Amino acid sequence: MSDQPTAPEICVIVPTIREYDCVRAYVRNAREHGFDSSRLTFVLVTEDFCETDQMRGMLAELGVDGEVFDGSRREEWYTEQGIDEYGHVVPAASHAETSFGLLYMWANPRFEYGVFIDDDTLPGEGDFFGRHMANLAHEGPVESVASDEGWVNVLYQAADEHGLYPRGYPYAAMDETVETDTASIERGEVVASQGLWTNVPDLDAVRILMDGDLEGQAQTRTTADQFERDFVVAPGNYLTVCSMNLAFQREIIPAFYQLPMDDNQWAVGRFDDIWSGVFLKRACDVLGRRIYSGRPLCAHNKAPRSTFDDLHNEVAGLELNEHVWRLVDDAGADAESYEAVYRAMADALLGADADAYRNGAFLHHVGEYMHDWLDCLTELERAPAVADD
């Protein structure tokens, strides 16, 4: 028997309803670059009306571990884990169903790392999983970015060329002055690795319209040479965190709930990963951790759809997005754990003046669900492990 230590296992979470074949490209990338694909377990989060048998067949054909969770299978899993009362924390028919993958990880302590991949992406050049793992293990110098608005545009390196701001970037924080420096990072300090994207940039509907595109994409495209340097965002500054290409340490899960969008009475949608990124960045600043951004890149091949459909889904939360970061900006300053700082942020939202904003009561809704999220994780820790199929 080998004395070599077993490499940490990775849970790859893919929300998908149609383009699940993207998994083939990511497995192929791993094998072509010598990354041990036996470390990867794929969790496909889908719906009852989707091709679940074909998805399971694909995983078997590829020879990788994994499971497919449609709505019915998720309900069964909640029952197996004894958390039926918390099923509501994962919204129905929403990209925020990625939170189910986080629950699955939490219930399976063998997973030390997680990776979010959207099904309309393909890996760029280089070792996709290996680069993410290297980022999470980074120690040494890296560019540190800040701005006079307290927000960093993750597309800043070519902003003078294309003028783009990503989905979720507050409109009031535009026209910022960017400041760069060098940070010295200790091993273990990086807890999330955000890979960026070529081809279709991740824009909101208003910005897509301003770019002259009516099909939910963009006339302006991003290219690999526009992402020359990896970077971290300085403490006290925020950034947009997009979950289409993201790796993370298990430890952040209590503060990384993908917020309950779409399936709510206010029809607020499209900000699940954006707000979760705001809350994670606040937690990182309190706890002395870092979010690392840059490579590995993915190609974002967003399918055409009505820009006005996206606008309809976003407009209910646009005003709240301008303010939510300020509401949590001083929360949990003395916290010593992800759970403690997250509860403090939840309380800050519960204490917000709902009448001050359009759909302001949604902030209270989110605060309540954030507490439910933490309570659900606690119940999973108490539950006896259920063997995988």
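Preceding block: the structure.
All of the points below concern the structure found in this document.

Rules used in this analysis
Residues numbered from 1 in each chain as written. Predicted model: local features only at pLDDT ≥ 70, side-chain atom pairs only at ≥ 80, totals over all residues. Heavy atoms only, no water. Helix = DSSP H or I, 4+ residues; strand = E, 2+ residues; numbered from the N terminus. Polar contact = N/O pair within 3.5 Å; in protein donor to acceptor, adjacent residues only side chain to side chain. Contact = heavy atoms within 4.5 Å. Buried < 20%, exposed > 50% of the residue type's maximum accessible area, 1.4 Å probe, protein only. Expected span 1.5 Å × (residues − 1). Bend = angle between axes of the 7 residues up to and from the residue. Axes fitted to C-alpha atoms, helices over the stretch in contact; angles between N-to-C directions. Parallel < 35°, antiparallel > 145°, perpendicular 65-115°, else oblique. Left-handed = near helix turned anticlockwise from the far one by under 90°. Core = buried A, V, L, I, M, F, W, Y, C linked by side-chain atoms within 4.5 Å.

Attention now goes to the side chain of K302. Structurally, the position occupied by K302 is in the loop between β13 (290-300) and α9 (307-328). There is a polar contact of 3.2 Å between the side chain of K302 and the side chain of D310. The residues contacting K302, other than those within four sequence positions of it, are D120, V200, I208, G216, Q217, R270 and D310.

Within the secondary structure layout, R167 lies in the loop between α6 (159-162) and β8 (178-185). For R167, a relative accessible area of 7% translates into the label buried. A polar contact is formed between the side chain of R167 and the backbone oxygen of R270, at a distance of 2.9 Å. Excluding residues that lie within four positions of it along the chain, R167 makes contacts with D202, L203, D204, T240, C242, R270, D273, I274 and E314.

Tracing the sequence through the fold places D225 in the loop between α7 (205-210) and β10 (231-233). Using a relative accessible area of 57% as the deciding quantity, one classes D225 as exposed. Separated by 68 residues in sequence, D225 and Q157 place their C-alpha atoms 9.8 Å apart. Among the polar contacts listed, one links the side chain of D225 to the side chain of T223, at a separation of 2.5 Å.

Once that is clear, we can look at α9. With 22 residues, α9 should reach 32 Å at 1.5 Å per residue; the first-to-last C-alpha distance of 31 Å fits that figure. A bend of about 50 degrees at V315 is the largest found in α9. Turning to α9, its buried residues number three or more, namely T307, D310, E314, A316, G317, L318, L320, N321, E322, V324, W325 and V328. Residues of α9 that are buried sit in contact with β7 (151-152), α7, β11 (238-239), α8 (272-287), α10 (338-350) and α11 (361-382).

Where α10 contacts α11, the axes come no closer than 7 Å and their chain directions differ by 155 degrees. The orientation of α10 with respect to α11, classified from their angle, is roughly antiparallel. Once α10 is placed against α11, the crossing between them reads as left-handed. Across the interface between the two elements, E339, Y342, R343, M345, A346, D347, L349 and L350 of α10 pack against L363, H364, V366, G367, E368, M370, H371, W373, L374 and D375 of α11.

Attention now moves to the environment of A333. Residue placement: A333 occurs in the loop between α9 and α10. The class for A333 is exposed, based on a relative accessible area of 53%. In sequence terms A333 and A283 are 50 residues apart; their C-alpha atoms lie 9.0 Å from each other.

With that settled, the discussion passes to the nonpolar core. Core analysis: the biggest nonpolar cluster contains 129 residues, and W275 and F279 have the highest contact counts within it. Counting residues per element, this core draws most heavily on α11, at 10 residues. The contacts of F279, once residues within four sequence positions are left out, are A255, L259, V324, V328, Y342, M345, L349 and M370.

Any functional reading would require information beyond the geometric quantities listed.
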